Amino acid sequence: MNEQAILHIPDSRYCFPVSEKEVILRLRVDKRDPLDEVWVIYESKYVIQMRQLSGEMERKYEDRLFAWYEVKLKLEDVRLSYIFRLKARGEELYYSEDGLSDAYDFSLAYFNFFQLPYINSADIHREVPWMESAVFYEIFVERFCRGLQDKDDTYVNMEWGEKPHPKSFAGGDLPGIIRKLDYLKGLGINALYLTPVFQSVSNHKYDISDYANIDSHFGSNEDFGRLVREAHIRGIRVVLDAVFNHCSENLAQFQDVVRRGKESPYFHWFIIRGERPEKEPLNYEVFSFCDYMPKFNTSNPQVQEFLLDIGVSWIERYDIDGWRLDVSDEVSHDFWRLFRKRVKAVKADCAVIGENWHDANPFLGGDQYDSIMNYAFTKACLDYYAFGAFDAEQFAWKLNGLLMRNTDQVNRMMMNLLDSHDTDRFYTWVGCDRDRLLSAVAVMVMFVGAPCLYYGTEILLEGGYDPDNRRCFDWEESHWDRYCMEKIKDLLALRKEKAVQTGSIRLYSKNELFVLKRFLKEEELTLYCNRTKETRTIAAEGEAIVGNGYAEGCLEAEGFVVLRRRHSRRPGICAEASQIPMTAEQN
């Protein structure tokens, strides 16, 4: 046994409650170790010395180096203590806080068992109910649709459809989105993520000067209220962009500091080295290297209250459904803990989604964000579909590893995306190959979490890096690729399947095909993706419910298919552990 590869951490992504009486346990091992069985031996920490229960764990996930075993325990006594028993080639080993051992003395277990001392209700990460069926659509507001024709458009400096520059304005607005809500509903969208809508001098609005009011380019506060109401009528949620790491230099509080320096009551709202903010040389913290975007001091209680009031007021006034948190990993943990409590107290099912491009586990324990924008998933798809860095097996390994970064609750609330306003367009990255794009969308929809389509993907909108990735939506329907749009509609409809919403997942490769299975009770949905250069035969039973390049068991190069099968028992899925008393010999 490779003892160095074995890992379990109590009260973590390896041990977490999913309800007041249920807990999921995971154990990582070297995938090459010849394990025959892995069991968890458990009981209340006050009685495990005298009696034990046991449950067999299932090998559920593998990446390049490791395998993970998992089990869900239903508990009577939630003061859980446990160790692991591993069998390999007839040898039996025990794994506790002291590591591996040939034997285990339960009479002294209180010294070295693992434990989850008590399941406190407040410590359970509650899923946002509507996220299990969410299909997001990100809109860069300035470029989606213009609805107001009689507004002052002297700021518009480009024709609709021209390639944008960093300071281009095309005239998109909130009434334009309202006009297209029926289109979005027909596409299969039930959640909007809007880039910032508050007062700002830029086209992207990430430098906000007034958080209380909608930017006049986009309409009015009344227009925003109507957007939310009309969206809700159609069953569409609305998530806004919270830019709380930094602001515009035009924010009234920062301008007061510019005028009065240390005499300003807002001086400590920002992080300034000197008597007053200076640009030459720059002596205050900013977003990136942008001297016009000063960074908030989010450890300052006054700043916290200012931002918390913003987070709460847009829920109370307009009933928004969530916040996407811009540059959230540069904001203090302390602030996000306060933010979560404050907004959840006003609206319990408000989604809190961080912009963290990397492993964000420290923010995802249930006390800060619900989930993140899953850019690690984006990169995995690029490595498989665009860059040629992964074959099917490596792609499966990577996605399995990503799932093991977080708890089940977090995984089911992830915002999975192929591209956004901060990346090249995925369609452009894959060489404008429609088949590869559709295959990747199939993976995004079938993977655990909520898919997020960047506006225009359904009409094959192209674009390189910013600002080219923020082109205008082409509303001339004769230009649309109807085949692509219909396939995307069919794929997004898969989110209505309960097996896709809450089912277990298995990821692997077979015959050089990438395979993704979702299971729930008797239902099994299987996605096959063929990135080889040859047509492959799929020896699988089932009804094809959506596909591209598939016919009569043959899957063409760059094609995909989703098959549905029903059976009497659920194969390959981690069953909940039954409470099996151990015999004296087992002890």
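> Lay out the overall build of the protein chain in plain terms, naming residues and giving numbers.
Secondary structure assignment for the protein chain yields 13 helices and 28 strands. Counting every position in the protein chain, which comprises 587 residues, the buried fraction comes to 60%. Contacts in the protein chain between residues far apart in sequence, at least 24 positions, make up 68% of those at least 6 positions apart. Of the accessible surface of the protein chain, which amounts to about 23,900 Å², a share of 47% is contributed by carbon and sulfur atoms. A distance of 2 Å separates the average location of the 74 positive side-chain charges in the protein chain from that of its 95 negative side-chain charges.

> Talk me through the nonpolar core; I want residue IDs and the actual numbers.
Of all hydrophobic cores here, the largest spans 147 residues; its most connected members are F136, Y137, W323 and F514. By residue number, the principal contributor to this core is helix α11 (residues 434–446), which donates nine residues.

> Before we move on, could you go through helix α3 (residues 221–233) and cite the residues and values that matter?
Because the α-helix completes a turn every 3.6 residues, residues three or four places apart line up on one side. Under the 1.5 Å per step criterion, the end-to-end length of α3 is 19 Å for 13 residues, consistent within 8% with the ideal 18 Å. Within α3 the residues assigned to the buried category are N221, D223, F224, G225, L227, V228 and A231. Contact partners of the buried residues in α3: α1 (174–179), α2 (181–187), β12 (191–194), β14 (208–214), β15 (237–242) and α5 (301–318). Immediately beyond the C-terminal end of α3, within one or two residues, lies G235, with a positive phi of roughly 75 degrees.

> Quick rundown of the environment of K262? Include the residues and the values.
Its location among the elements puts K262 in the loop between α4 (252–260) and α5. With relative accessibility at 47%, the residue K262 sits in the partly exposed group. Between the C-alpha atom of K262 and that of I272, which follows or precedes it by ten residues, the distance is 9.6 Å. Excluding its chain neighbours within four sequence positions, the residues that come into contact with K262 are F267, G274 and E275.

> Break down the side chain of T298 for me, with residues and values.
The residue T298 is located in the loop between α4 and α5 in this model. A relative accessible area of 5% means that T298 is categorised as buried. In this structure the side chain of T298 is engaged in a polar contact, spanning 3.4 Å, whose partner is the backbone nitrogen of S332. Leave out the neighbours within four places in its chain, and T298 touches F244, V303, Q304, L307, V331, S332 and F335.

> So, the pairing of strand β21 (residues 504–510): which residues are in play, and what are the values?
Relative to strand β22 (residues 513–520), β21 is paired through seven bridges, and the arrangement is antiparallel. Bridge assignment links L507 to a residue of β22, and that residue is L516.

> Report on the sheet that holds strand β16 (residues 322–325), specifying residues and quantitative values.
Strand order in the closed barrel made by the eight strands is β11-β12-β15-β16-β17-β18-β19-β20, with parallel pairing throughout. Each adjacent strand pair in this sheet contributes to an overall mean axis angle of 25 degrees, direction not counted. Note: β15 against β16, four bridges, orientation parallel. Across the sheet, residue A242 finds its bridge partner in β16, namely L325.

> Break down the pattern of salt bridges for me, citing the residues and quoting the values.
Per the stated rule, a full pass over the model turns up 56 salt bridges. As a salt-bridge pair, R436 and E558 come within 3.9 Å of each other at their nearest N and O atoms. Remark: E558 occurs in strand β26 (residues 554–566) and R436 occurs in helix α11; sequence separation between them is 122 residues. The exposure classification of R436 matches that of E558, with both residues buried. Overlapping salt bridges, with partners in common, bring together R237, D319, D321, K347 and D349 in one network.

> How would you summarise the packing of aromatic side chains if you had to cite specific residues and measurements?
Here the distance between the centres and the angle between the planes together describe a pair of aromatic rings. Evaluated as defined, the whole model comprises 52 aromatic pairs. Here the guanidinium or amino end of K180 rests over the ring plane of W475, the centre of that ring lying 4.1 Å away. Between R531 and the ring centre of Y384, over which it is positioned, the NZ or CZ distance is 5.8 Å.

> Tell me about unusual backbone geometry, and please be specific about residues and values.
Here the amide bond leading from E280 into P281 is cis, since omega sits at -10 degrees, within 30 degrees of zero. Looking at where P281 falls in the secondary structure, it is placed in the loop between α4 and α5. Along the chain, D466 connects to P467 via a cis peptide bond; the corresponding omega equals 10 degrees. The phi dihedral of V327 is positive, around 45 degrees, even though this residue is not glycine. Position of V327 among the secondary structure elements: in the loop between β16 and α6 (333–346). Of note, the phi angle at E552 is positive, near 50 degrees, even though the residue is not glycine. Relative to the elements of secondary structure, E552 occurs in the loop between β25 (543–551) and β26.

> Account for α6, with residues named and values stated.
When the terminal C-alpha atoms of α6 are compared, their 20 Å separation across 14 residues agrees well with the 20 Å that a helix rising 1.5 Å per residue should span. Buried within α6 are the following residues: F335, W336, F339, R340, V343 and K344. For α6, the angular spread of the buried residues around the axis is 145 degrees, confining them to a single face. Across from the buried face of α6, at angles greater than 90 degrees, the exposed residues are K341 and A345. In this fold, the buried residues of α6 make contact with α5, β16 and β17 (351–354).

> Requested: an account of a nonpolar patch on the surface, with residues and values cited.
The grouping of L108, Y110 and F111 at the surface amounts to a nonpolar patch, some 350 Å² of accessible area in total. Along the chain, Y110 falls in the loop between β9 (99–101) and β10 (114–116).

> Explain the state of the cysteines to me, using residue names and the numbers behind them.
Under the criterion given, the structure shown has zero disulfides. There is no disulfide at C350, and the cysteine sulfur nearest it, in C452, is 16 Å away. Given the relative accessible area of 0%, C350 is considered buried. With no disulfide of its own, C381 lies closest to C529 among cysteine sulfurs, the gap being 9.3 Å.

> Please set out the packing of α5 against α6 residue by residue, giving values where relevant.
In contact at an axis separation of 10 Å, α5 and α6 are set at 25 degrees when each is read in the N-to-C sense. The angle between the axes of α5 and α6 places the two elements in the roughly parallel class. Crossing handedness for the pair α5 and α6: right-handed. Between α5 and α6, the residues in contact are Q304, E305, L307, L308, D309, G311, V312, I315 and E316 and D334, F335, L338, F339, R342, V343 and V346, respectively. Its residues placed into classes, the contact of α5 with α6 shows nine nonpolar, two polar and five charged.

Cut-offs used in this document
- Counting restarts for each chain, with residues numbered from 1 along the sequence as it is written.
- In view of the model being predicted, local features appear only for residues whose pLDDT reaches at least 70, and side-chain atom pairs are presented and counted only at 80 or more, with totals across whole chains, interfaces and linings using the full set of residues.
- Excluding hydrogens and water, the side-chain values take into account all heavy atoms of the structure.
- Strands are runs of DSSP state E lasting at least two residues, helices are runs of H or I lasting at least four, and both sets are numbered from the N terminus onward.
- Remark: exposure states derive from per-residue accessible area (1.4 Å probe, protein chains only) relative to the maximum for the residue type, with buried under 20%, exposed over 50%, and partly exposed in between.
- Residues count as neighbours in contact if any of their non-hydrogen atoms are within 4.5 Å of one another.
- A 1.4 Å probe and the Shrake-Rupley method give the accessible areas. Residues count as covered only by the protein chains that appear here.
- Two residue types count as positive, namely Lys and Arg, and two as negative, namely Asp and Glu; His and chain ends fall outside the count.
- By convention, the point assigned to a charge is CZ for Arg, NZ for Lys, CD for Glu and CG for Asp.
- Among buried residues, the Ala, Val, Leu, Ile, Met, Phe, Trp, Tyr and Cys ones that are joined through side-chain atoms within 4.5 Å form a nonpolar core.
- Expected span of a helix: the number of residues minus one, times 1.5 Å.
- Definition of a polar contact: a pair of N or O atoms within 3.5 Å, with one able to donate and the other able to accept a hydrogen when the atoms are protein atoms, and with sequence-neighbouring residues admitted only if both atoms are side-chain atoms.
- Only strands joined by at least two bridges in the DSSP assignment are considered to pair.
- In this analysis, axes come from line fits to C-alpha atoms, helices being fitted only over the stretch in contact, and the angle between any two N-to-C directions falls in the range 0 to 180 degrees.
- Think of a salt bridge as a Lys or Arg side-chain nitrogen and an Asp or Glu carboxyl oxygen that are within 4 Å of each other.
- Two rings belonging to Phe, Tyr or Trp (six-membered ring only in the last case) form a pair when the distance between their centres is within 6.5 Å. Interplanar angles under 30 degrees mark stacking, angles over 60 mark edge-to-face geometry, and anything in between is tilted.
- Sitting over a ring, as applied to charges here, requires NZ of Lys or CZ of Arg to be within 6 Å of the ring centre and within 35 degrees of the ring normal.
- Starting at the helix axis, one direction is taken to each C-beta atom, and the arc is that of these directions.
- Candidates for patches are residues over 30% relative accessible area with no salt bridge; among them, like charges are joined within 9 Å and nonpolar side chains (Val, Leu, Ile, Met, Phe, Trp, Tyr) within 5 Å.
- Criterion for a disulfide: a pair of cysteine sulfur atoms within 2.5 Å.
- Any angle that falls under 35 degrees is termed roughly parallel, while one over 145 is termed roughly antiparallel, one within 65 to 115 roughly perpendicular, and all others oblique.
- Here is the rule for handedness: rotate from the far helix to the near one, and if that takes an anticlockwise turn smaller than a right angle the crossing is left-handed, while a clockwise turn gives right-handed.
- Charged means Asp, Glu, Lys or Arg here, nonpolar means Ala, Val, Leu, Ile, Met, Phe, Trp, Tyr, Cys or Pro, and polar covers whatever is left, Gly included.

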